[in-house]
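# Structural description and commentary
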There are 2 protein chains.
Amino acid sequence: MSPRLSSHKPQAKAQIFAALGDETRLSLLIRLSDGQRQSIAQLTEGSKLTRQAVTKHLRILERVRIVHSTRAGRESLFAFNPEPLDELKRYLDLVSERWNQTLSRLKSFVEINDE
Amino acid sequence: MSPRLSSHKPQAKAQIFAALGDETRLSLLIRLSDGQRQSIAQLTEGSKLTRQAVTKHLRILERVRIVHSTRAGRESLFAFNPEPLDELKRYLDLVSERWNQTLSRLKSFVEINDE
DNA sequence: ATAATATGCAACCAGGAGGTTGCCCTATGG
DNA sequence: CCATAGGGCAACCTCCTGGTTGCATATTAT
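Numbers given for residues are sequential positions, taken from 1 along each chain in its written order. Here the convention is simple: chains get letters from A, ligands get numbers from 1, in the order in which they are written. Local features in this predicted model are restricted to residues of pLDDT 70 or higher, and side-chain atom pairs are both shown and tallied only at a pLDDT of 80 or more, whereas totals for entire chains, interfaces and linings draw on every residue. Each side-chain value is worked out from all heavy atoms of the structure, with water and hydrogens disregarded.

### Things to note about the protein's contact with DNA strand D
Stated formally: We call a residue near a given molecule or strand whenever any one of its heavy atoms falls within 4 Å of it. Polar contact criterion, stated in full: a pair of N or O atoms within 3.5 Å, where within protein one must be able to donate a hydrogen and the other to accept it, and residues adjacent in sequence count only if both atoms are side-chain atoms. The way it works is that DSSP assigns letters per residue, a run of H or I at least four long becomes a helix, a run of E at least two long becomes a strand, and they are numbered from the N terminus.
As a matter of local geometry, DNA strand D sits amid 22 residues, with A:Thr50, A:Lys56, A:His57, B:Gln52 and B:Arg59 nearest to it. What you see for DNA strand D is that sugar and phosphate hold 59% of its atoms within 4 Å of the protein. Here a base oxygen of DNA strand D sits 3.1 Å away from a polar atom, N or O, in the side chain of B:Arg51. Within the side chain of B:Arg74, one N or O atom sits 3.3 Å away from a base nitrogen of DNA strand D. Mapped onto the surface near DNA strand D, the elements with two or more residues apiece are α4 (51-63) of chain A together with α3 (40-44), α4 (51-63) and β3 (75-80) of chain B. The biggest single contributor to the surface near DNA strand D is α4(A), with 5 residues.

### Looking at the sheet that holds strand β2 (residues 67-72) of chain A
Residues and elements named next belong to chain A. To keep it simple, the criterion reads: A pair of strands is considered paired only if DSSP assigns at least 2 bridges between the two. Whether two residues touch is decided by their heavy atoms; if any such pair falls within 4.5 Å, the residues are in contact. Between N-to-C directions, angles span 0 to 180 degrees; the directions come from axes that are lines fitted to C-alpha atoms, helices contributing only their stretch in contact.
One open sheet accounts for 3 strands, arranged β1-β3-β2; its pairing is antiparallel. Edge positions in the open sheet fall to β1 (38-39) and β2, since each of these has one partner strand only. Where β2 meets strand β3 (residues 75-80), 6 bridges bridge the pair, whose relative direction is antiparallel. When the sheet's bridge partners are listed, valine 67 is paired in β3 with phenylalanine 80. Contacts from helix α2 (residues 23-32) reach β1, β2 and β3, with the element oriented near 85 degrees to β3. On the sheet, α4 packs against β2 and β3 and is oriented at approximately 115 degrees with respect to β2.

Written out as structure tokens, the structure reads:
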């Protein structure tokens, strides 16, 4: 019923996790998750970083489809895309499930846990 | 009711995501999520990597508490800890929630989405 | 037309990440 | 007691990452 862990490509997941493994990119993600499309210049405001740095981060997020950009005149607008995050959540659920199966299995042994 | 996004420390979350942003560490995580404690030597088996490399990865996972180690004789056994992953799931849920609020808000405008 | 705005591209740089090797220390099994 | 198995520590190397700067290009506003 639930897709097995083995059916997930680990490298793809790792790439998404890695994209989220940066404070700057997380904050960009938060700013975009409110649904407002924002230009690079807008996203750079209040960021202490250069526009180029922000651009690089956005491209990284874009490569794993957490974000996607469309050109509008002279500016390129970035928008949030929740799909990859949902994918990660499902992945984490599978790990949890695997873990919980173990717990119930252990419970049947009625072991004393001397942790 | 649900904790706001602003109450989460972004750098802490970024560190956890970063810890998961590596294929080797993801596979270690999978191997440990079955509940069996495993030594470094065991985890190194079939890994193509050196024991030292595996150790480094384990330490990274340990620093964010995804894994924890206990010394048992001459070997140190690593065990999985699901808490940080649950934390991440909650975090991702908050982002999704933020996103969905926007969707319903947009829906009230009855806009034509020409994406 | 011109100036200003928004971005792209490329080179460059410092530091960190992933990985290896060598050596030392501590348990454990004969 | 000695050989061996399991690890820790530290040095070292290479490559990627995050960031910057400089310059070129395309829109937009005046």
